[in-house]
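Results of the structural survey
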Amino acid sequence: MAARKPRKATVPVPAAKQCGPCNGTGEVARTVRVGRTKRPVGQQTGICLACFGTGEATD
Ligand SMILES: [Zn+2]
């Protein structure tokens, strides 16, 4: 029986991929516009629809 080389105990665990649009925060800032001229009145933080707030990229 051939002895196998012992594997290293420290196997790097692949970290969860960060969601792109929100950079892993789960929230995205979007500009709020009003009126016919689309005048920006500020920014609003909304849940990231790409990861649904988890911050992890989904396949
Ligand atoms: Zn996201």
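Residues numbered from 1 in each chain as written. Predicted model: local features only at pLDDT ≥ 70, side-chain atom pairs only at ≥ 80, totals over all residues.

1. Some words on the overall build of the protein chain
Of the regular secondary structure elements, the protein chain holds zero helices and two strands. The C-alpha atoms of the protein chain give a radius of gyration of 22 Å, which is well past the 10 Å a tight globule of 59 residues would have. Structurally, the protein chain occupies a C-alpha span of about 80 × 20 × 15 Å along its principal axes. Put simply, the protein chain has 59 residues, and 7% of those count as buried. Long-range contacts, defined as pairs at least 24 residues apart, comprise 46% of the intrachain contacts of the protein chain with a sequence gap of at least 6. (Helix = DSSP H or I, 4+ residues; strand = E, 2+ residues; numbered from the N terminus. Rg over C-alpha atoms; globule rule 2.2 N^0.38 Å. Buried ≥ 20, exposed ≤ 12 C-beta atoms within 10 Å, placed from the backbone. Contact = placed C-beta atoms within 7 Å.)

2. Things to note about the pairing of strand β1 (residues 27-34)
Counted residue by residue, β1 has zero buried out of eight residues, so it is predominantly exposed. Pairing between β1 and strand β2 (residues 39-47): eight bridges, direction antiparallel. Bridge pairing in β2 links Thr31 to Gln43. Between the end of β1 and the start of β2, which pair antiparallel, lie four residues, with Gly35 showing a positive phi angle near 80 degrees. (Pairing = 2+ DSSP bridges.)

3. Here's the deal with unusual backbone geometry
Located in the positive-phi region is Asn23, a residue other than glycine, with phi close to 60 degrees. Along the chain, Asn23 turns up in the segment before β1. Given 12 C-beta atoms within a 10 Å radius, Asn23 is considered exposed.

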